[in-house]
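Chain residues, written in single-letter form:
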Amino acid sequence: MHFSTILTLASAMALQLGAHAAAVEKRLPRLGAFGVSQTRACPLQQPIYVYEYAEGEGDDCKPFFDNTVFQTVDVFFWDPKCLLTLYETHNCSDPGVVTGPDCWTPDGGIAAHRVTCPFKTS
Ligand SMILES: *[C@@H]1O[C@H](CO)[C@@H](O)[C@H](O)[C@H]1NC(C)=O
């Protein structure tokens, strides 16, 4: 998929999902965005929940709303200086797995996630 298509898709979904999309200050540089679904299938099946990150956000463990466990993740775009780690537990107590781009279905599901930027230069 082309980058512009992905952005359009993400925007459309964020619009559609309204309240569930994480709000990001428009003037902050974008770090990345990913979508999750409770259906175990690629491409992502509706309903899709989109999470978007800007630079400077905390690296705390983030469970999903209502402690929802998702089955599929699709990373639309992501800054290579940061990592997106997915966890099987709501409190990130398992080792977690660092995800690359695109759509995939982690074993054990996705109960929480964490954004860290270990390769940040500034
Ligand atoms: C984290 O969650 C797991 C599984 O639900 C639980 O066994 C563990 O005690 C929790 N750890 C902490 C530090 O809360």
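First things first, this report covers the structure right here in the doc. (Residues numbered from 1 in each chain as written. Predicted model: local features only at pLDDT ≥ 70, side-chain atom pairs only at ≥ 80, totals over all residues. Heavy atoms only, no water.)

## Regarding the packing of aromatic side chains
Under the defined criterion, the tally for this structure stands at 9 aromatic pairs. Their ring planes at 85° and their centres at 5.0 Å tell us that Phe-64 and Phe-70 sit as a pair that is edge-to-face. (Phe/Tyr/Trp six-rings, centres within 6.5 Å; stacked < 30°, edge-to-face > 60°.)

## A closer look at the pairing of strand β1 (residues 30-37)
Counting buried positions along β1 yields 7 of 8 residues, so the element is predominantly enclosed. In this sheet, strand β2 (residues 49-54) lies alongside β1 in antiparallel orientation, the contact comprising 6 bridges. Residue pairing for β2: Val-36 is matched across the bridge by Tyr-49. Of the strand pairs in this sheet, β1 and strand β4 (residues 72-78) are connected by 6 bridges, and their pairing is antiparallel. Looking at the pairing, Gly-32 lines up with Trp-78 of β4. (Buried < 20%, exposed > 50% of the residue type's maximum accessible area, 1.4 Å probe, protein only. Helix = DSSP H or I, 4+ residues; strand = E, 2+ residues; numbered from the N terminus. Pairing = 2+ DSSP bridges.)

## Some words on unusual backbone geometry
Here Cys-42 and Pro-43 are connected by a cis peptide whose omega angle stands at -5°. One can find Pro-43 in the loop between β1 and β2. Cis geometry marks the peptide bond from Gln-46 to Pro-47, where omega comes out at -5°. The residue Pro-47 is located in the loop between β1 and β2 in this model. Within the chain, Asn-67 stands out as a residue other than glycine whose phi angle is a positive 55°. Inspection of the secondary structure assignment puts Asn-67 in the loop between β3 (62-63) and β4. We classify Asn-67 as partly exposed; its relative accessible area is 45%. Phi at Cys-92 takes a positive value of approximately 60°, unusual for a residue other than glycine.

## Let's talk about the environment of Thr-72
When you line up the elements, Thr-72 lands in strand β4. Of the residues examined, Thr-72 reaches a relative accessible area of 0% and is grouped as buried. Sequence separation of Thr-72 and Ile-48 is 24 residues, and the distance between their C-alpha atoms is 9.6 Å. Ignoring any residue separated from it by four or fewer positions in sequence, one finds Thr-72 in contact with Gly-35, Val-36, Ser-37, Thr-39, Arg-40, Ala-41, Cys-42, Leu-44, Cys-103, Trp-104, Thr-105 and Ile-110. Here the side chain of Thr-72 touches Thr-39 through a polar contact of 2.6 Å, landing on its backbone oxygen. (Contact = heavy atoms within 4.5 Å. Polar contact = N/O pair within 3.5 Å; in protein donor to acceptor, adjacent residues only side chain to side chain.)

## Looking at the sheet that holds β3
Pairing between sheet strands relies on hydrogen bonds along the backbone, with the strands arranged either parallel or antiparallel. The 4 strands lie next to each other as β3-β8-β5-β6, forming an open sheet whose pairing is antiparallel. The outermost strands of the open sheet, each flanked by one partner alone, are β3 and β6 (97-99). For strand β5 (residues 83-87) and strand β8 (residues 112-116), the ladder comprises 5 bridges, and the chain directions are antiparallel. Looking at the pairing, Leu-86 lines up with His-113 of β8.

## Here we look at the sheet that holds β2
Taking strand neighbours across the sheet as the criterion, the 4 strands line up as β2-β1-β4-β7 in an open arrangement whose pairing is antiparallel. If you trace the sheet from one side to the other, it starts and ends with β2 and β7 (102-104), each paired once. Each neighbouring strand pair of the sheet contributes to a mean axis angle of 15°, computed without reference to strand direction. The pairing of β4 with β7 spans 3 bridges and is antiparallel. Each residue of the ladder has a partner; that of Val-73, found in β7, is Trp-104. (Axes fitted to C-alpha atoms, helices over the stretch in contact; angles between N-to-C directions.)

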